[in-house]
Amino acid sequence: MKRRKFIKASSLSGAALLVASTANACQDKNQTEVKKDPEAKPSFPLAIATWNVERSVSTASEVLKKGGSALDAVVEGCKIEEADPKNITVGLGGLPDRDGNVTLDSCVMDNKGNCGSVVYLQNIVHPVEVARKVMEETPHVMLAGKGAEQFAYEMGFKKTDLLTEESKKAWEKWKVESKYDPIINIENHDTIGMIAIDNDGQLSGACTTSGLAYKMGGRVGDSPIIGFGLFVDNEIGGAVATGLGEEVVKTVGSFLIVELMRQGKSPQQACEEAIKRIVEKPNSNFKDFQVGYVATNKRGEIGYYSIHPNFSITIYRDGKVENLKSKSHISA
Ligand code: SD4
């Protein structure tokens, strides 16, 4: 769609969205009321990501500034964290499972609703690029384990040992007690999920992680599964998740947020509602785990919310990159 045509279309749908979401805000007093300006221009290019990942979002912003696509932006952005051995929850240097294997999960989804994913991928530094190749070069959506690894080699990716000295040491220390205990906001919650809107107003997203530290062999979380860790609908918006994947899966988190936006909720209200679904489940032990969501609608209005304090997002908007602290269900 041509840019002018799109802006017109998006302001129309934005106006519809606005009326519905204002009505919704009045109905539900527990949710953050988001004041809307009907004249406000759509705000993009934009990139938003889970956690404090300034370098990743800056890299994505450089792609967007040069007129690159949202898909290129999120993939290039995620690759920064994947290649960083100091990030122990993503790619190289990610903490292993309880057997000492670093297994990676990643997915991408573009503006046309195409998607690709790799789960339980080993020995490859950039699972996000392999996920993109699955989307672009195969008739499938997901490849797992050995098949995904084999595919990566066929696509020219090289084999790399992802267990660094530091992550090996951490694993050996963990083995002494072998106690599996996801820790809120620490180490094992730094998955990078990113959504971008490019100059043409097109949306794409990506998500990449080494999953929960010291998980059982074979465990796959929410992050590589479309609708759970990531969902993008170019007409509505996109959402990404971080935190305890099992809980995101049980509530189909990212898809839920996009559907709530489709029904007229603002991104903020949608993120809050998705967290509410988790914490209000009967016998929910939400005090013991973290989940955080980030979302944007088609106009570049954003939302983010978590169960526990100290979740944050990084955003590129209006030419600058900043880290914003999230509000949370449990206050600080
Ligand atoms: C998972 N959601 O594998 C991921 C973990 C995560 O920050 O978000 N870490 O369950």
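What you are looking at is a predicted structure, and each value in this text was computed from that prediction instead of being measured.

About the thresholds
One numbering rule holds for all chains: residues counted from 1, following each sequence as written. Reporting of local features is limited, given that this is a predicted model, to residues whose pLDDT is at least 70; pairs of side-chain atoms are given and counted only at 80 or more, and all residues count toward the totals for whole chains, interfaces and linings. Note that the side-chain values use all heavy atoms of the structure and ignore hydrogens as well as water. Elements are defined by DSSP. Helices are runs of H or I of four residues or more, strands are runs of E of two residues or more, and each kind is numbered from the N terminus. The buried label applies to any residue whose accessible area, calculated with a 1.4 Å probe on protein chains only, is under 20% of its type's maximum; exposed applies above 50%, and partly exposed to all values in between. In this analysis, two residues are considered to be in contact whenever any of their non-hydrogen atoms come within 4.5 Å of each other. Shrake-Rupley sampling with a 1.4 Å probe provides the accessible areas, and residues are treated as covered by the protein chains on show and by no other component. Each polar contact in these results corresponds to two N or O atoms within 3.5 Å; when the atoms are within protein, one needs to be able to donate a hydrogen and the other to accept it, and residues that are neighboring in sequence are counted only if both atoms are side-chain atoms. Definition used in this section: a nonpolar core is a set of buried Ala, Val, Leu, Ile, Met, Phe, Trp, Tyr and Cys residues joined via side-chain atoms within 4.5 Å. The criterion for strand pairing is that DSSP finds at least two bridges linking the strands in question. To obtain an axis, a line is fitted to C-alpha atoms, over the contacting stretch when the element is a helix, and the angle between two such axes runs from 0 to 180 degrees between their N-to-C directions. Residues were grouped as follows: Ala, Val, Leu, Ile, Met, Phe, Trp, Tyr, Cys and Pro as nonpolar; Asp, Glu, Lys and Arg as charged; and all remaining residues, including Gly, as polar. The cut-offs work like this: below 35 degrees is roughly parallel, past 145 is roughly antiparallel, 65 to 115 is roughly perpendicular, and the gaps in between are oblique. Crossings are classed by handedness, with left-handed meaning an anticlockwise turn of the near helix from the far one by less than a right angle and right-handed meaning a clockwise turn. Two rings from Phe, Tyr or Trp (for Trp, the six-membered ring) form a pair when their centres sit within 6.5 Å of each other. Planes less than 30 degrees apart are called stacked, planes more than 60 degrees apart edge-to-face, and all others tilted. Any Lys NZ or Arg CZ found within 6 Å of a ring centre and within 35 degrees of that ring's normal is scored as a charge over the ring.

Peer 1: What's the story with the overall build of the chain in this structure? I'm lost.
Peer 2: When you go through the chain residue by residue, the secondary structure sums to 9 helices and 13 strands. Relative to its full complement of 332 residues, the chain shows a buried share of 59%. In the chain, the proportion of contacts linking residues at least 24 apart, taken out of those at least 6 apart, comes to 66%. Total accessible area on the chain stands at roughly 14300 Å², and carbon and sulfur atoms take up 52% of it.

Peer 1: Whenever I open this one, the environment of Thr138 confuses me. Can you help?
Peer 2: Inspection of the secondary structure puts Thr138 in the loop between α4 (127-137) and β4 (142-144). The spatial distance from the C-alpha of Thr138 to the C-alpha of Phe151 is 9.7 Å, given a sequence separation of 13 residues. The residues touching Thr138, leaving out its near neighbours within four places in the chain, are Lys133 and Phe151. Separated by 2.9 Å, the side chain of Thr138 and the backbone nitrogen of His140 make a polar contact.

Peer 1: Explanation requested: the nonpolar core in the structure shown.
Peer 2: Buried together is how nonpolar side chains tend to be arranged in soluble globular proteins. Membership of the largest hydrophobic core comes to 46 residues, with the highest contact counts inside it found for Leu230, Ile257, Val291, Tyr293, Ile307 and Ile313. With 6 residues, the top contributor of residues to this core is helix α9 (residues 267-279). When sequence neighbours within four positions are dropped, the list of residues in contact with Val291 reads Thr242, Gly243, Leu244, Glu247, Val248, Ile275, Ile278, Tyr305, Ser306 and Ile307. Membership of the second largest hydrophobic core comes to 33 residues, among which are Ala60, Val75, Val90 and Val118.

Peer 1: Whenever I open this one, α4 confuses me. Can you help?
Peer 2: Note: α-helices contain 3.6 residues per turn, so residues at a spacing of three or four share the same orientation. For α4, the full list of buried residues reads Pro127, Val128, Val130, Ala131, Arg132, Val134 and Met135. At its buried positions, α4 is contacted by α3 (70-83), β2 (104-109), β3 (115-121), β4, α5 (145-154) and β6 (203-209).

Peer 1: What am I meant to see in the sheet that holds strand β9 (residues 291-297) here?
Peer 2: Hydrogen bonding along the main chain pairs the strands of a sheet, whether they run parallel or antiparallel. Taken in spatial order, the 5 strands of this open sheet run β7-β8-β9-β10-β13, and their pairing is mixed. Both edges of this open sheet fall to β7 (230-233) and β13 (327-328), since each of them pairs with a single strand only. The strands touched by α9 are β9 and β10 (302-306); relative to β10, the strand with the most contacts, the crossing angle is about 25°.

Peer 1: Is there a simple way to think about the packing of α3 against α4 in this case?
Peer 2: The geometry of a pair of packed helices is captured by two quantities: the angle between their axes and the separation between those axes. Contact geometry for α3 and α4: axes closest at 8 Å, N-to-C directions at 145°. In contact with Leu71, Asp72, Val75, Cys78, Lys79 and Glu82 of α3, α4 contributes Pro127, Val128, Glu129, Arg132, Met135 and Glu136. Among the residues forming the contact of α3 with α4, the class breakdown is 6 nonpolar, no polar and 6 charged.

Peer 1: What is the right way to look at the side chain of Arg219 in this model?
Peer 2: Structurally, Arg219 is set in the loop between β6 and β7. With relative accessibility at 13%, the residue Arg219 sits in the buried group. Here the side chain of Arg219 touches Glu246 through a polar contact of 2.8 Å, side chain to side chain. What Arg219 contacts, discounting residues up to four positions off in sequence, is Tyr120, Gly211, Leu212, Gly245 and Glu246.

Peer 1: How do you make sense of the packing of helix α8 (residues 253-262) against α9 when you look at a structure like this?
Peer 2: Contact geometry of α8 with α9 gives a least axis separation of 9 Å together with a crossing angle of 135°. Judged on the interaxial angle alone, α9 and α8 are oblique. Both α8 and α9 take part in a crossing whose hand is right-handed. Mapping the contact onto sequence places Leu256, Ile257, Leu260 and Met261 in α8 and Pro267, Ala270, Cys271, Glu273, Ala274 and Arg277 in α9. For the contact of α8 with α9, the class distribution of residues is 8 nonpolar, no polar and 2 charged.

Peer 1: When you look at the environment of His140 in this model, what are you seeing that I'm missing?
Peer 2: Among the secondary structure elements, His140 is positioned in the loop between α4 and β4. Between the C-alpha atom of His140 and that of Gly116, which follows or precedes it by 24 residues, the distance is 7.5 Å. Aside from chain neighbours lying at most four places away, what touches His140 is Cys115 and Val134.

Peer 1: I would appreciate a short explanation of the sheet that holds β3 in the present structure.
Peer 2: Read across the sheet, 8 strands follow the order β4-β3-β2-β6-β5-β1-β11-β12 without closing on themselves; strand pairing throughout is mixed. In this open sheet, the two edge strands, each paired with only one partner strand, are β4 and β12 (320-325). Each adjacent strand pair in this sheet contributes to an overall mean axis angle of 10°, direction not counted. Alignment of β2 against β3, held across 5 bridges, turns out to be antiparallel. Across the sheet, Ser106 pairs through a bridge with Val118, a residue of β3. Packed onto the sheet, α4 meets β2, β3, β4 and β6 and runs at close to 130° relative to β3. Across the sheet, α5 lies against β3 and β4, angled at about 105° from β4, the strand it touches most.

Peer 1: Can you help me understand the packing of aromatic side chains in this one?
Peer 2: Each aromatic ring pair is characterised by the separation of its centres together with the angle its planes make. Evaluation of the coordinates by the stated rule reveals 3 aromatic pairs. Centre to centre, the rings of Trp174 and Tyr214 are 4.6 Å apart; their planes meet at 15°, and the pair counts as stacked. Note that Trp174 is positioned in helix α6 (residues 165-177) and Tyr214 in the loop between β6 and β7, a separation of 40 residues in sequence. In this structure, Trp174 and Tyr214 share a single accessibility class: buried. A ring pair is formed by Phe231 and Phe255, whose centres lie 4.9 Å apart and whose planes are at 85°; its orientation type is edge-to-face. Highlighted residues: Phe231 in strand β7 and Phe255 in helix α8, separated in sequence by 24 residues. Assessed through its relative accessible area of 13%, Phe231 is described here as buried. Positioned above the aromatic ring of Trp171, the side-chain terminus of Lys175 is 3.9 Å from the ring centre.

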